[in-house]
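The primary structure of each chain is shown beneath.
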Amino acid sequence: MASKENKRRFLNEQNIVMLSIAALFIYLLLRSIFVPFLYDESATFFHYIHKGSFIPPYAHWDANNHILNSALGYFSYLSFGSSTFALRLPNLLTAILFFYYTYKIAKEISNKTIRWTFIITLFFAHNFIEFFALSRGYGMSMAFLFGAIYSVIQVVKNNRLSDYLSSVIFISLAILANLTLINTAIMLAIILSINVFISRPKTKQLEHEASNFFTLKAATIITLGVLLPIAALIRLLLEFKMKGLLYYGSLEGFWELSVNSFIKLLTQSENILIPTFILIYFISIIAILVYQLINAKQISSFWKAQYLFVALFLGNLVAILIMAYFLNINYPEDRTGIYFFPLFIGAILFSIDQISDKIKPKLLFAILLPFLFFPVHFIYSLNLDHSTLWAEESLPTRFIQRIADDSKEKDEPLTIGGYRMRLLTVAYQNYRLGGELNQIQGSHYPEYLSDYQIVIVNENEKWLDHYSIEDYEASSNLSLLKRKKVLASVGLRNINPDRTGFINKQYHNLYKVSVDTLLGETLLIDVEMSINSPEEPFIAWLVAVINDESNNRIAYEYVALDWKKTRWKGEKNNFSARLFLYKIPEESSTLSIYFWNIEKKEYELKEIEIIIDRILKEK
C-alpha cells in the first residue's frame, strides 16, 4: 500500500509536468547543437550578431532583425563563440520560461481534462516549440508573451503593483523579440490601463489617498514600461513599411494565405480535415461567447482572466483585417503569424472550460480528441538532423567539410554553385571551418561551371550530364555534386597591383579594362592577396562588376570578407577567391575589380595577384 501511495504522490500533476519540461528541454538542447543552421539564422548572424550592430536605425535595415534575439545572440557569441549552440542558447533558455508559464496559465483552467489538453498541446506541438532551438526571435517572443499573459491574469485577479511591473517587462521583451506582436502588446496595455481605473487594491487598510497613489504608480509603470516602447516600435514599423521591408506575406486573403500557411507550418499537412476542425472550433468560440453574453447578468462579469485568450485572439484577428484593408499591410504568413497558434488554442480551451459543467464527459472527450494530433505528430517528427519547419534548408555540415578537404588537397579555392537562398548557409559553415572556401555564386543558377553544386537534383537533372553525386541528404533532398571533368581555360591577364599601404577610403580600384573583345565569353577571375586591418570584423567586399558605356551595372559578383573570417591580420595570402563572370552581355563596356571598404575603416592590401582566364570547354 505504501509503495502505491508513494507512486501516486510522485505521479502527481506537477511532477509529470516538471519531467516533461526536463525531457523537452534536453531534446531542444540537442537540436540546438546538431540541427544545421538555416538561412535566416545565418543572415541574423552575419548582419547583426557578428557585426555587433543590431539597434535601429544604426543596424542593417531588414525585418530579419529580431532586436532582442540579435542582442542576446551577440552577447552569447562574445561569451561562447559562433557555434550553433552558442547562437541558439538565448532562445533555448527562454523555453524554460515558456513551459513554466504555460503550466501556470493552465492552472486557471478548472476542468482537469481541458487543463491537460492545453498543456500537452502547447508542450508537444513540435513545429511550434522547434523555434526555441533556432536563433530567431519567434521562440523567445512566445515565452515572454506567455509571461505577459500570466502577469496580466494576476493583475486582473489581484491588482498588485508587482504584477503590473512584471506585465510591462514581459510585454516589452516580447515585442522587442518579435515586432509582429505589436497588436497583442497594444491590447494587453489597454487591458492594464483599464484595470488601473476600474479596480482598487485588495488591501482594505488603504485609505483614499493611498489608493490614488497606487493608481498613479500603476499608471506610471504602464506608461513608461510599455506605452512608450510601443510608440517607439510603431514608429520603427512605419519606417519598415516606408522602406518596403514588410514584404513577408501578401494581401491575397486571410484564410487563403494566413490560415493555410499556418496549417502547413505547424502540421506539414494539407488534409482538408484540419481547416474543417479549425472552422468548427472558431465558430464554437463565437457561439460560446454569444451564449455567455446573452446569459450574463452584467457586462463586468467578463472582466476576468478566463476571457483573456478570447480577447487577444479575436482582437488580433480584427486588427490584421483592419490593417490589411485600410493600410495595405500584408496578412501574416506562416512564422510571422505564429502567435495565432497559442492564442487560438487558449481561446478554444478556455471557452470550453467556461461551459464544461454543462458538457457530458463522452462529448467533452470527442470535442478534445482532435488535439491528440499534436503529441502524435511530435513523435512522428522527432529528429536531430534537420528542421521540420524548413527541411530543404538543412544543409549537412559534412557537405562543406568534403569540399574543404578537396580544396585543401588541390590547394586551390574550388567554386561552389547553388540556389542563392543557400548562400549564407554555406557562408556560415565555411566561416566555422576557417573561411578558406569560395562563396556560392547563385546569380546564374542553374549553371554547370562550378566545381561543386549543392542542389536538389530532380529540380534540374541536366546537372547529372556534368556532375557525379558525391553525397546525399534524405531529410532535405539535397545532393552534393562534383564535376566529372575540369573546365579548360586560357589565361588572358595576370595583374599585380601595387600594395595600398594603410588607407581608409571607401573604394579602391584594383583593375579596370575594356571587354569589347570578350563579349559572349565567360571569365574566371582568381584573386589572391594579404589583407591587414585592425577592425574585427572587417566589413568589406571584393567586387567584380561589368558596366555599359553609360556606367550602368550589367553584371555584379562579390565576396564578403566578414562572411569568411573575423580577423584579417596581414598573414601571407590570407585571402583568396574565385569568381565567374558568365557570358559577358553584348552591351558591356568595362570590367572593374575593386575593393569596397563599406564602413571606411583602416586597412592595407599587399601581395596582390589577379589572374583572369577565359573558359574554353570541358577537358
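Nothing here was measured: the structure is a model prediction, and the numbers come from that model.

**What to know about the overall build of the chain**
- Helix and strand counts for the chain stand at 20 helices and 13 strands.
- In the chain, buried positions account for 56% of the 619 residues.
- Across the chain, every contact between residues at least 6 apart in sequence was considered, and the portion connecting residues at least 24 apart equals 77%.
- As displayed, the chain offers around 28500 Å² of accessible surface, 59% of which is attributable to carbon and sulfur atoms.

**Looking at the sheet that holds strand β3 (residues 467-473)**
- Ordered by their spatial adjacency, four strands build an open sheet running β1-β2-β4-β3, and the pairing between neighbours is mixed. The open sheet is flanked by β1 (416-418) and β3, the only strands paired with a single partner. Neighbouring strand axes in the sheet, compared pairwise and without regard to direction, differ in orientation by 25° on average.
- Both β3 and strand β4 (residues 478-483) contribute to a ladder of six bridges, which runs antiparallel. Bridging across to β4, I469 finds its partner in L481.
- Together, β1, β2 (452-455), β3 and β4 form the strand contacts of helix α18 (residues 397-410), whose direction differs from that of β3 by roughly 140°.

**Some thoughts on the sheet that holds strand β6 (residues 507-514)**
- With antiparallel pairing, the four strands of this open sheet are ordered in space as β6-β12-β8-β9. Looking at strand neighbours, the two that pair on one side only are β6 and β9 (553-560), the edges of this open sheet. Each strand of the sheet is rotated relative to its neighbour by a mean of 15°, with strand direction disregarded.
- When strand β8 (residues 540-547) meets strand β12 (residues 590-597), the two strands line up antiparallel, connected through eight bridges.

**Topic: the pairing of β12**
- Of all eight residues in β12, eight are buried; the element is thus mostly enclosed.
- Burial along β12 is two-sided: T590, S592, Y594 and W596 and L591, I593, F595 and N597, pointing in opposite directions, are all buried.

**Thoughts on the packing of helix α13 (residues 273-295) against helix α15 (residues 340-354)**
- Remark: α13 packs on α15, axes separated minimally by 9 Å, with the N-to-C direction vectors making an angle of 45°. With respect to α15, the axis of α13 lies oblique. In this structure, α13 crosses over α15, and the sense of that crossing is left-handed. The segment α13 lies against α15, with I278, Y281, F282, I285, I288 and Q292 engaging F344, A347, I348, S351, I352 and Q354.
- Here the contact of α13 with α15 is built from residues that sort into nine nonpolar, three polar and no charged.

**A short note on helix α14 (residues 308-327)**
- Between its first and last C-alpha, α14 extends 27 Å over 20 residues, near the 28 Å set by a 1.5 Å rise per residue.
- Of the positions making up α14, those classed as buried are L308, F309, V310, L312, F313, L314, G315, N316, L317, A319, I320 and A324.
- Once α14 ends, the next one or two residues include N328, with phi positive near 55°.

**A closer look at the pattern of salt bridges**
- The final tally for this structure, using the stated rule, is 22 salt bridges.
- As a salt-bridge pair, E130 and R31 come within 3.4 Å of each other at their nearest N and O atoms. A residue pair is termed long-range when its members are at least 10 positions apart, and E130 in the loop between α7 (126-129) and α8 (138-158) and R31 in helix α2 (residues 13-34) qualify at 99 residues. In terms of burial, E130 and R31 fall into one category: buried.
- With a shortest N-O distance of 3.6 Å, E607 and K572 are connected by a salt bridge. Taken together, the residues E607 in strand β13 (residues 604-618) and K572 in the loop between β10 (568-569) and β11 (575-581) connect sequence positions 35 residues apart.
- Taking relative accessible area as the criterion, E607 reaches 41% and is therefore assigned partly exposed.

**A few points about the side chain of S394**
- Secondary-structure assignment places S394 in the loop between α17 (373-381) and α18.
- Among the polar contacts made by the side chain of S394, one reaches the main-chain amide nitrogen of S387 at a distance of 2.9 Å.
- Beyond its immediate stretch of four places on either side in the chain, S394 contacts P36, L38, D385, H386, S387, E473, S476 and L478.

**Quick look at the side chain of S20**
- You can see S20 is positioned in helix α2.
- Using a relative accessible area of 17% as the deciding quantity, one classes S20 as buried.
- Setting aside residues no more than four positions away along its own chain, S20 makes contact with F123 and F124.

**Focus: the nonpolar core**
- By size, the foremost hydrophobic cluster in this structure holds 117 residues, and its most contacted members are F118, F146 and I149.
- Among the elements that make up this core, the one with the highest residue count is α8 (14 residues).
- Residues contacting F118, with those up to four places away along its chain left out, are T102, I105, A106, I109, F146, F309, I345, G346, L349 and F350.

**A few points about helix α10 (residues 182-198)**
- Taking 1.5 Å of rise per residue, the 17 residues of α10 would be expected to cover 24 Å, and the 24 Å separating its terminal C-alpha atoms lies within 8% of that figure.
- Inspection of α10 places I182, N183, T184, A185, M187, L188, A189, I191, L192, N195 and V196 among the buried residues, and these make up the whole buried set.

**Structural notes on the packing of helix α5 (residues 84-106) against α8**
- Interhelical geometry of α5 versus α8 gives an angle of 30° and a closest axis separation of 8 Å. Classified by the angle their axes make, α5 and α8 are roughly parallel. When the axes of α5 and α8 are compared, the crossing they make is left-handed. The segment α5 lies against α8, with P90, N91, T94, L97, F98, Y101, T102, K104 and I105 engaging G139, M140, M142, A143, F144, F146, G147, I149, Y150 and I153.
- Split by residue class, the contact of α5 with α8 holds 13 nonpolar, five polar and one charged.

**Describing the pairing of β11**
- Counting buried positions over the seven residues of β11 gives seven, a clear majority of the element.
- Residues F575, A577, L579 and L581 point to one face of β11 and S576, R578 and F580 to the other, with burial holding for every one of them.
- Note that strand β7 (residues 523-533) and β11 share seven bridges and pair antiparallel. By the bridge assignment for β11, L523 is matched with L581.

**Section: the confidence of the model for the chain**
- Taken residue by residue, the chain gives an average pLDDT of 92. The fraction at 70 or more is 96%.
- Per-element confidence in the chain ranges from a low mean pLDDT of 58 for helix α1 (residues 2-10) to a high of 98 for α5.

**Quick notes on the packing of aromatic side chains**
- A full pass over the atoms with the stated rule returns 55 aromatic pairs.
- The ring of Y467 carries R483 above its face, with NZ or CZ at 5.6 Å from the centroid.
- Between the NZ or CZ atom of R553 and the centre of the ring of Y556, over which it lies, the distance is 3.9 Å.

**A word on the environment of Y448**
- Structurally, Y448 is set in the loop between α19 (423-432) and β2.
- Take Y448: its relative accessible area is 22%, and that puts it in the partly exposed class.
- Here the alpha-carbon distance between Y448 and W390, two residues 58 residues apart in the chain, equals 26 Å.
- Setting aside chain neighbours within four positions, we find Y448 in contact with Q453, N460, K462, W463, H466, Y467 and R483.
- Separated by 3.0 Å, the side chains of Y448 and N460 make a polar contact.

Definitions and cut-offs
- Residues numbered from 1 in each chain as written.
- Predicted model: local features only at pLDDT ≥ 70, side-chain atom pairs only at ≥ 80, totals over all residues.
- Heavy atoms only, no water.
- Helix = DSSP H or I, 4+ residues; strand = E, 2+ residues; numbered from the N terminus.
- Buried < 20%, exposed > 50% of the residue type's maximum accessible area, 1.4 Å probe, protein only.
- Contact = heavy atoms within 4.5 Å.
- Areas by Shrake-Rupley, 256 points an atom, 1.4 Å probe, with all protein chains shown as cover.
- Pairing = 2+ DSSP bridges.
- Axes fitted to C-alpha atoms, helices over the stretch in contact; angles between N-to-C directions.
- Parallel < 35°, antiparallel > 145°, perpendicular 65-115°, else oblique.
- Left-handed = near helix turned anticlockwise from the far one by under 90°.
- Nonpolar A, V, L, I, M, F, W, Y, C, P; charged D, E, K, R; others polar.
- Expected span 1.5 Å × (residues − 1).
- Salt bridge = Lys/Arg side-chain N within 4 Å of Asp/Glu carboxyl O.
- Polar contact = N/O pair within 3.5 Å; in protein donor to acceptor, adjacent residues only side chain to side chain.
- Core = buried A, V, L, I, M, F, W, Y, C linked by side-chain atoms within 4.5 Å.
- pLDDT = per-residue confidence, 0-100.
- Phe/Tyr/Trp six-rings, centres within 6.5 Å; stacked < 30°, edge-to-face > 60°.
- Lys NZ or Arg CZ within 6 Å of the ring centre and 35° of its normal.

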